[in-house]
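Inside the fold
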Amino acid sequence: MLRFTLSRITSLLLSLIVASVAIFAVIESVPGDPATFMLGMNAEPDTIAALRREMDLERPVAERYLRWMGGMATGDFGISYTYRVPVGELIGQRITVSFPLALYALVLSVVIGLPAGLLAASRRGSVTDWSVMGMTQLGIAVPNFWFAMLLVLLFSITLRWLPSGGFPGWGAGFWPVVKSLTLPAVALALPQAAILARVMRSALIETLGQDYIRTARAKGLSLHRAILGHALRNALIPVLTILGLQFSFLLAGAIIIENVFYLPGLGRLIFQGITQRDLIVVRSAVMLLVFAVIVVNFLTDLAYMLVDPRLRARA
């Protein structure tokens, strides 16, 4: 177990180093001068030169990378050139929207997807199975931003049950925050629930075909008890992989939904930073999201050990 954990930590650190180099290189390769873009073409040369010095653009590339990484390691993300506040403060404000939204969407995805997959697998080949798989195919095929617009049309404009966008802030109370995040979370969760249901169904059907399940069924165990008592735990391994990937996607890939619903989350911050050429914000926010994705994958690997005793034996 310890050896397995140490190997995963080593892999995590190497992944972070490679990701930081890739992110820095991509940001640095963007054509044009950021200082000139931010100040405008009519800005005075000395003003542009002063901003370039403030943005450390006069330093060598390698030195800028090391200074950036050193600051990230100590919690100093730099100063936003657009908002004139610490980038860490900006990210801290936005993560209080993006993280609850991703967690809310993941919970909805599990609540919808796992029972749907269980139902389809337990009634394989029936009308119920075909209906569930048809709905999941629709959920995968339709983009989540289109779902978002339909949800706004139905629940905000027609029924007036939920707000169509915006975020009241946590100071407004728990229930107003939940209401403002419900439609974005549903729009994010439905395609992910469809994927989860299909994976759950496939994993359960494969597990139900194993010899030990057939033996248990031959001894008189009902299908319901065979699934819940024996097959479900073994079928969870591929499901855990999907859940880890889904949370990473929901946290890092919600930029479109956050813009549709005007949510002040990390995705919208990155979008605004790109349009305003605020490179320090984009670089730090993307690196933080990559770190979150790698950590989630690391925790998913550890979860395998808890689910599958064979992995613990080999470790």
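Residues numbered from 1 in each chain as written. Predicted model: local features only at pLDDT ≥ 70, side-chain atom pairs only at ≥ 80, totals over all residues. Heavy atoms only, no water.

With that out of the way, let us pick up the overall build of the protein chain. In terms of helices and strands, the protein chain carries 14 helices and zero strands. Reading the secondary structure of the protein chain in the N-to-C direction produces α-α-α-α-α-α-α-α-α-α-α-α-α-α. Burial status across the protein chain gives 42% buried among its 315 residues. Taking the intrachain contacts of the protein chain between residues at least 6 apart in sequence as the baseline, contacts between residues at least 24 apart amount to 73%. (Helix = DSSP H or I, 4+ residues; strand = E, 2+ residues; numbered from the N terminus. Buried < 20%, exposed > 50% of the residue type's maximum accessible area, 1.4 Å probe, protein only. Contact = heavy atoms within 4.5 Å.)

On to unusual backbone geometry, then. Positioned with a positive phi, Arg-160 is a non-glycine residue whose angle comes to about 60 degrees. Even without a glycine there, the phi angle at Tyr-262 is positive, about 55 degrees. Mapped onto the elements, Tyr-262 comes out in the loop between helix H11 (255-260) and helix H12 (266-275).

This part is about the UniProt feature "transmembrane region" (unreviewed entry) in the protein chain. In the numbering used here, UniProt assigns the feature "transmembrane region" (unreviewed entry) to residues 101-121, 142-162, 174-197, 235-257 and 285-307. The distance from the first to the last C-alpha atom of residues 101-121 is 30 Å, and the span holds 100% helix and 0% strand. Between the end C-alpha atoms of residues 142-162 the distance is 22 Å, and the span holds 71% helix and 0% strand. (UniProt positions renumbered as here; feature names shortened; annotations may be inferred.)

All right, on to the side chain of Ser-80 then. Tracing the chain through its elements places Ser-80 in the loop between helix H4 (61-73) and helix H5 (87-122). Beyond its immediate stretch of four places on either side in the chain, Ser-80 contacts Val-85, Val-87, Leu-90, Asp-278, Ile-280 and Val-281.

Tallied over the entire structure, the rule returns one salt bridge. Between Arg-201 and Asp-129 there is a salt bridge, and its shortest N-O distance comes to 2.8 Å. Within this pair, whereas Arg-201 is found in helix H8 (residues 174-208), its partner Asp-129 is found in helix H6 (residues 127-141), the two being separated by 72 residues in sequence. Comparing Arg-201 with Asp-129, the two get one shared label, buried. (Salt bridge = Lys/Arg side-chain N within 4 Å of Asp/Glu carboxyl O.)

The subject of this paragraph is H8. Spanning 35 residues, H8 covers only 43 Å between terminal C-alpha atoms, well under the ideal 51 Å at 1.5 Å per step. In the structure, H8 departs most strongly from a straight axis at Thr-182, where the bend amounts to approximately 35 degrees and where the proline Pro-184 lies between one and four residues downstream. (Expected span 1.5 Å × (residues − 1). Bend = angle between axes of the 7 residues up to and from the residue.)

Before going further, it helps to spend a moment on the packing of aromatic side chains. Overall, the coordinates contain five aromatic pairs when judged by the stated rule. Both rings, one in Phe-24 and one in Tyr-65, keep their centres 5.5 Å apart while their planes meet at 70 degrees; by these two values the pair is edge-to-face. Of this pair, Phe-24 sits in helix H1 (residues 2-28) while Tyr-65 sits in helix H4, and the two are 41 residues apart along the sequence. Of the two residues, Phe-24 and Tyr-65, neither departs from the other in class, the shared state being buried. When the centroid spacing of 5.9 Å and the interplanar angle of 25 degrees are considered together, the rings of Phe-24 and Trp-68 count as stacked. Residue Phe-24 is found in helix H1, and its partner Trp-68 is found in helix H4; the two are separated by 44 residues along the sequence. Note on Phe-24: relative accessible area 4%, which makes it buried. Taken together, Phe-24, Tyr-65 and Trp-68 form an aromatic cluster joined through their ring pairs. (Phe/Tyr/Trp six-rings, centres within 6.5 Å; stacked < 30°, edge-to-face > 60°.)

Attention now moves to the environment of Met-200. Residue placement: Met-200 occurs in helix H8. Using a relative accessible area of 1% as the deciding quantity, one classes Met-200 as buried. Sequence separation between Met-200 and Leu-236 is 36 residues; the distance between their C-alpha atoms is 7.6 Å.

Moving on: the side chain of Arg-283. Structurally, Arg-283 is set in helix H13 (residues 279-307). On the accessibility criterion, Arg-283 (12% relative accessible area) is buried. Once residues within four sequence positions are removed from consideration, Arg-283 is found in contact with Ile-23, Phe-24, Ile-27, Glu-28 and Trp-68.

Another aspect to go through is a nonpolar patch on the surface. Taken together, the side chains of Phe-145, Trp-146, Met-149, Leu-150, Leu-153, Ile-157 and Ile-256 present a nonpolar region at the surface, about 660 Å² in accessible area. Top contributing element to the nonpolar patch by residue count: helix H7 (residues 144-158), with six residues. Taking the relative accessible area as the measure of exposure, Met-149 reaches 45% and is therefore partly exposed. (Patch = residues over 30% accessible without salt bridge, like charges linked within 9 Å, V, L, I, M, F, W, Y side chains within 5 Å. Areas by Shrake-Rupley, 256 points an atom, 1.4 Å probe, with all protein chains shown as cover.)

Right, let's talk about the nonpolar core for a bit. One finds Trp-68, Ile-91, Leu-181, Leu-188, Phe-261 and Leu-263 to be the most contacted residues of the largest nonpolar core, which totals 63 residues. Of all the secondary structure elements, the ones that give two or more residues to this core are H1, H4, H5, H7, H8, helix H10 (223-252), H12 and H13. By residue number, the principal contributor to this core is H8, which donates 12 residues. Those residues in contact with Leu-263, other than ones at most four positions away along the chain, are Val-97, Leu-101, Gly-166, Phe-167, Ser-180, Leu-181, Pro-184, Glu-258 and Arg-268. Membership of the second largest hydrophobic core comes to five residues, among which are Ala-120, Val-132, Met-133 and Ala-197. (Core = buried A, V, L, I, M, F, W, Y, C linked by side-chain atoms within 4.5 Å.)

When you line up the elements, Val-87 lands in helix H5. The sequence separation of Val-87 and Val-282 amounts to 195 residues, and the corresponding C-alpha distance is 9.6 Å. Setting aside residues no more than four positions away along its own chain, Val-87 makes contact with Phe-77, Gly-78, Ile-79, Ser-80, Ile-280, Val-281 and Ser-284.

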